[in-house]
Each structure stands twice: as structure tokens, then as C-alpha cells.
Amino acid sequence: MKRIFVGLCVLMTLLLAGCSQTVAPLPPVETAKIGTMIGTLSESLAPEKYPEAEISRFNNYVDESAAMMAGKIDYAIMDYATAQNFIKSNEGTMVLPEALTDEVTAMALKKENTELNQKLNAVLNRYLSDGTMEEIKAHWFPEAGGDYEIVDVPKNVSGPVLRVAVTSLTEPRCFVQDGELTGMNVELLSRIAYELGMQVEFQDMDFKAMIDSLQSGNSDVVAAMYNTPERSEKVDFTAGYFPNPQVFVVKADRQAATEGAQSSQKTISSSSDLNKAGYTIGVPEGTPPEEVAKELMPNADISYFTQFMDGVAALKSGKVTAVIYDSSGVDRILLSNPDLVKLDEELGNIEIAAVVRLDDTAMNEQLNAFIKQYQADGTAAAMVKRWINNAGGEMPDIPKPQNPEKKITIITNGLTEPMNYYENGQLTGFDVEFMKRFASYANLDYEIITMDYQAMIPALQSGKGDVIISDFFKTDERGQEVLYTDAYVVLHNSALIRKDMAAASMVDQSIKTNEELNGKRVGFITGMVHIDNFRPLYQADEYEFNDFSSMLEALKSKKSMRY
């Protein structure tokens, strides 16, 4: 009996020891065991980025993930979309937040199909800025491993056909369910085709056949493709719309143990916190934001982008630590990206000016005269309130002159909300209202053409356009190539970071007392007495609404802070 009792005690001790065994934290990735898949970017990326790590190569993601679950490797590298699909069906796994690369999926088109490219970009830019793209992504990348949400997208029964090349082996972006193609890319292209008044035809094919299908005219657009230098020689690309970088997949309990073992957290609350080796700041090249980064953050690396949305995508994917841009663009992107936050400090002013050729002094003088007048009579202030301070503006009716002296061509971007962007198929924004008012003032007819920023000055110098009005920053370097007008609006530089990198004091911005309304955005219903009671007590930006429901929607979307 004594032996049995002692044996039971030993058994219980072992069981209790096993139950109390702690989960091992993840080792530093530089010396960890890393899994990659043969034939993918990760196979070359891992040994290049982590030369001291132990790299294991697998034929497919199934074998790779099984090795991770068994503890044979610490980290598994996958592309973001594959990783999200994997963790949905494998409880206890997670994707680490910082991406290893900055690939962003775009749409591909046949070379010189400029009209379709501009139309697609207009809708994509709006979807990215107003939250529609995030809504579509949420249908196919649900939180906590939820089910897909398949929505019924309306279809046009007539009109031209948009032929879309897809591959059905990329769940949840495109796959077959119940005999029908579905997925994120199918929903996105169906929505866009409907908005453009087109029917849509999806063509399922091998990925390697897609560029040939575009070039031969059998397809109009490829739904998803990385923009690489080699491919861009053969086809054109839209703006990127879906960050799909290489990421680490790990066991969630090991990551939790790692975080618990860390004694310090990453906390950013000011620009000085960004001045660290290992941090990367995203800026448009040759602009005031670049000057700010070099002056205030000399220890950080700098990464360049052409379109603001490309910088935002790099920030959200973890490729950069912060993005510096003008305040109007930063404020607008915050409305639909609750995972981002803006640093409180203003990092110097940005003068926005129109641009003409060096020898076109007459046009420059005419523009400067108009700028002086529109600033003096209050028009400029009203436009700032309408487009920049408010969450969205409505274009006033400004007809073209009946008997114009001549016609000019105005160059803009069309992808820079709230300055110039497409809404319901029409160009709108601060810059567009400025164009129309100037044309009316100078008795000029006009046409507006859109293009990437890097193409604008060459187009102006070659005579394809007469003036650039497109949220153009004044810089000394550009001033040697073109002639700037006086600034028609002055903004300031703002830094945008991910909320998970922000200090707790920045993330908790709830309003607890009436005094904290000073400097905030406050909404009222038109005609009610509340605004008259409020004005003597506090200094706040005011927004008027026609009804309570629209005011409440603005509050929910952070367009106003309180009502």
C-alpha cells in the first residue's frame, strides 16, 4: 500500500509539473528557426534578411505550417492573404503585425489604356479613402476567424463588358464556391464595373498567362498583380489597393509569452520619438515632408512614395514607422482608418502653389492677381472651411465663361483627397474649385487632365498643359525648373503612425470634461439654439447638420468629435 501511495504521489507531481510548464517565448528572429516555401519570395528573402537563422524549406504551406505547429520551426513566412486564410482555420496561430516586405497588389492593364486606367484609379482612390476598401476586405478577412460575408453586388444588364483576368486558387481573394467564382477581388471588380456602367466577365486562367492575355487584347484588366520593374515594361498598373506583404505566422501562445517577457513597449508621442535607428519615415521625395524628416529624424531611415495612399499602405503593413504628409491628406485618411493616429504637433508649414512654365510670366501674374483677390474677399477662407476643415465639401455651381478669351489645359492628379479627387465620376475638391474660380475670373475656358505627380512637370514643360493645380508643394529644387505662383493655401506637415506604436496618452483621446472641447470639432443641428449657448464658452470648429441622423453618422465616423 505504501508503494502504491508513493507512486501516486510521483505521478501527481509529474502531472502538476506538466500542467505548470510555461510556454517558451519566441527567440529573436535573427537566430531563430524560420520556415519558407520553395519557389516563393520568402525562399530568397529569409537567408538574405536573416543570415544567422536556421532556414527550413518546404514544398507547400501545409507542410510549413505543420512544422510550426509541431515546434520544429519558430516562424513561418507566408504572404499576408495566405496567412489570414491559414489562421482562420488554425486556432492558436497569429500573424505578427510588422511585415517583412512592402508588396501592394494593383490591377494591370494593357499599355496605353489610359482612359480605363484613370477610371479605375478614380474609383480605387475613393474606395481607399472613404472606407469602402476596408469594408470589402472585412467581408473576406473577418476578425476572430469568422465566416465570409458574401454580398449581392448589383449588375448592369447592358453596356460595355469589362473582361477581368483572375486565378481561382487564391482563397479568399478569388476562389470557387458552389460552382461560382467569389472572393475579395471578385466583389471589388464587380462593384467597380457597376459604378462604371459596365458589365463584368471574369476569366479564370493560370497566373503566368495573364500578361499575354492583356497584350493580345483578350482581357481588359488583371484583378491582382504586383507592380514590378520587369512587369511594368510590358503592362501598366493602377494604384496599389491591397497590401499583401510577406509576414511571419507564429503560435499565439509563444508570442504572448514573448510580449510578457519584454520589459519595454514601443511608445511614440512626438516627433522626437521617431528619431531612432531602425525606424523608417515615409515621405514624398523632394518635398517639405522630406526636409522635416531629415531635420528632425536624422537617425531614422527614409522611404519614398509618389502617391500618399502608397505611403499609407506601407505604414499599415509595417514597412515604415511613420508617414509625413500635409495635414489635409492626413486628416482625411484618419476618417476611415481607426488603426492610425496623428501626432499632435505641427511640423512646419507647407505652401501649396500653382505651377507654370518658366517663361509664362503672364499666366503667373494673372494667377497671382486672382490669389490676392480671393484671399482678400474671404473666398479662400470659405474654401478652407468647406474642403479642409470640414469632413467633405460640396462643389459650388461655377459655370464656365460664355465668351472666353482662350482655352487652357490644367494638370492635376485626381487621387489626392480632399484637394483633387473623383466623387461620383466627377473631379472635385479644393484644387478643382480653385481652377473653376480662376477660369471665371480670367475669362478662360479650360480642360482638366490627370496624371501621376512625377509626370506633371515634364508634361508642363513639353506643352501638354498650361498650369499645374494639384496640391503642389513649393520647394527650392522645383523652383529651378518651373515658375511658382504665390501660395493659394498654406497647410502644415503632420506625422501619421499606427495606433499600436502610439503612447497610451495618445490613444485615449476621450473627452471627459466640457473644457476639453476647446480646439475640437463640434456639430450642431441648423436652427437650434445650442450653438448660440455654446459659442461664448469655448473655442471649437463648428459643423452644422440638417438633421440628427446625419450628425450622429458624422460623430460615429469621427467627422465631428461631439454634438
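Residues numbered from 1 in each chain as written. Predicted model: local features only at pLDDT ≥ 70, side-chain atom pairs only at ≥ 80, totals over all residues. Heavy atoms only, no water.

Caption draft 1: Broad picture of the overall build of the protein. Secondary structure summary: the protein contains 20 helices and 28 strands in total. Taken over 563 residues, the protein has a buried fraction of 48%. For the protein, long-range pairs separated by at least 24 residues make up 70% of all intrachain contacts whose partners lie at least 6 apart in sequence. Summed over its atoms, the accessible surface of the protein is roughly 27800 Å², and 49% of this surface lies on carbon and sulfur atoms. (Helix = DSSP H or I, 4+ residues; strand = E, 2+ residues; numbered from the N terminus. Buried < 20%, exposed > 50% of the residue type's maximum accessible area, 1.4 Å probe, protein only. Contact = heavy atoms within 4.5 Å. Areas by Shrake-Rupley, 256 points an atom, 1.4 Å probe, with all protein chains shown as cover.)

Caption draft 2: Layout of the side chain of D360. By the secondary structure assignment, D360 is in the loop between strand 19 (349–356) and helix 14 (361–376). The side chain of D360 is buried and forms no salt bridge, while R357, the nearest opposite charge, is found at 4.3 Å. Separated by 3.2 Å, the side chain of D360 and the backbone nitrogen of M363 make a polar contact. Not counting residues within four places of it along the chain, the set of residues in contact with D360 comprises D466 and L483. (Lys, Arg positive; Asp, Glu negative; His and termini not counted. Salt bridge = Lys/Arg side-chain N within 4 Å of Asp/Glu carboxyl O. Polar contact = N/O pair within 3.5 Å; in protein donor to acceptor, adjacent residues only side chain to side chain.)

Caption draft 3: Examining the pattern of salt bridges more closely. Within this structure, the stated rule accounts for 16 salt bridges. A salt bridge links R191 to E135; the shortest N-O distance between them is 3.3 Å. Remark: E135 occurs in helix 6 (residues 132–140) and R191 occurs in helix 7 (residues 184–195); sequence separation between them is 56 residues. A salt bridge links D331 to K342; its shortest N-O distance comes to 2.7 Å.

Caption draft 4: Summary view of the environment of Q84. Relative to the helices and strands, Q84 resides in helix 4 (residues 80–88). Apart from the residues lying within four places of it in its own chain, the contact partners of Q84 are V95 and F141.

Caption draft 5: Quick peek at the nonpolar core. In this structure, L188 and Y488 are the most contacted members of the largest nonpolar core, which totals 79 residues. What Y488 contacts, discounting residues up to four positions off in sequence, is I352, A353, A354, I371, Y374, Q375, F430, D431, F434, I469, S470 and D471. I268, L274, V283 and A495 belong to the second largest nonpolar core, which has 18 residues in total. (Core = buried A, V, L, I, M, F, W, Y, C linked by side-chain atoms within 4.5 Å.)

Caption draft 6: Highlighting helix 3 (residues 61–69). Turning to helix 3, its buried residues are Y61, E64, S65, A67 and M68. Burial along helix 3 is one-sided: seen end-on, the buried residues are contained in an arc of 155°. As for helix 3, its buried residues are in contact with strand 1 (33–37), strand 2 (54–58), strand 3 (75–79), helix 4, strand 4 (93–95) and strand 14 (246–251). Just beyond helix 3, the residue with positive phi is G71, at close to 85°. (Arc of directions from axis to C-beta.)

Caption draft 7: View of the sheet that holds strand 21 (residues 415–416). The strand order across the open sheet formed by 3 strands is 21-22-23, and the pairing between neighbours is antiparallel. The open sheet has two edge strands, strand 21 and strand 23 (426–428), and neither has a second partner. (Pairing = 2+ DSSP bridges.)

Caption draft 8: Summary view of the pairing of strand 14. Within strand 14, 5 of the 6 residues are buried, which leaves the element mostly enclosed by the surrounding structure. Pairing of strand 3 with strand 14 involves 4 bridges; the strand directions are antiparallel. When the bridges of strand 14 are listed, D79 appears paired with Q246. Direction of pairing for strand 4 relative to strand 14: antiparallel, over a ladder of 3 bridges. Counterpart to T93 in the pairing with strand 14 is K251.

Caption draft 9: Molecular detail of unusual backbone geometry. Phi at N424 is positive, roughly 55°, even though this residue is not glycine. Turning to its location among the elements, N424 is positioned in the loop between strand 22 (420–423) and strand 23. Non-glycine residue N443 carries a positive phi angle of around 60°. Its place among the elements puts N443 in the loop between helix 16 (430–442) and strand 24 (444–450). Overall, the relative accessible area of 25% leaves N443 in the partly exposed class.

Caption draft 10: Local environment of the sheet that holds strand 3. Pairing in this open sheet of 5 strands is mixed, and the strands run 2-1-3-14-4 from one edge to the other. One side of each edge strand has no neighbouring strand; the edge strands of this open sheet are strand 2 and strand 4. Taking the axes of each pair of neighbouring strands and ignoring which way they run, one obtains an average angle of 30° across the sheet. Of the strands in this sheet, strand 1, strand 2, strand 3, strand 4 and strand 14 are in contact with helix 3, which crosses strand 3 at around 150°. Lying over the sheet, helix 4 contacts strand 3, strand 4 and strand 14, oriented at roughly 120° with respect to strand 3. (Axes fitted to C-alpha atoms, helices over the stretch in contact; angles between N-to-C directions.)

Caption draft 11: Here's a closer look at empty space enclosed by the protein. Under the definition given, this model contains 3 cavities of 30 Å³ or more. For the largest cavity, the calculated volume is near 150 Å³. As for the largest cavity, its lining consists of 15 residues, and the residues nearest its centre are L128, E134, Y241, M309 and K316. Taken together, the elements giving at least two residues each to the lining of the largest cavity come down to helix 6, strand 13 (242–243) and helix 12 (308–316). With 4 residues, the single largest contributor to the lining of the largest cavity is helix 12. (1 Å grid on protein atoms, 1.4 Å probe; cavity = no way out; pocket = protein on both sides within 12 Å on 5 of 7 lines; lining within 4 Å. Points joined across faces, edges and corners; volume = space filled by probe spheres on them.)

Caption draft 12: Region of the structure containing helix 13 (residues 327–334). Most of helix 13 sits out of view: 7 of its 8 residues are buried. Along helix 13, the residues that are buried comprise S327, S328, G329, V330, R332, I333 and L334.

Caption draft 13: Quick look at the packing of helix 12 against helix 13. Packing of helix 12 against helix 13 leaves a shortest axis separation of 12 Å and a crossing angle of 55°. One finds that helix 12 runs oblique with respect to helix 13. Of the two elements, helix 12 crosses helix 13, and the hand of that crossing is right-handed. Where helix 12 approaches helix 13, its residues F308, M309 and V312 are matched on the opposing element by G329, V330 and I333. (Parallel < 35°, antiparallel > 145°, perpendicular 65-115°, else oblique. Left-handed = near helix turned anticlockwise from the far one by under 90°.)

Caption draft 14: Just the environment of M205, in detail. Locating M205 in the fold gives a position in the loop between strand 10 (199–204) and helix 8 (210–215). Residues M205 and V166 lie 39 residues apart in sequence; the distance between their C-alpha atoms is 6.3 Å. Beyond its immediate sequence surroundings of up to four residues, M205 is in contact with A165, V166, T167, M210, S213 and S219.

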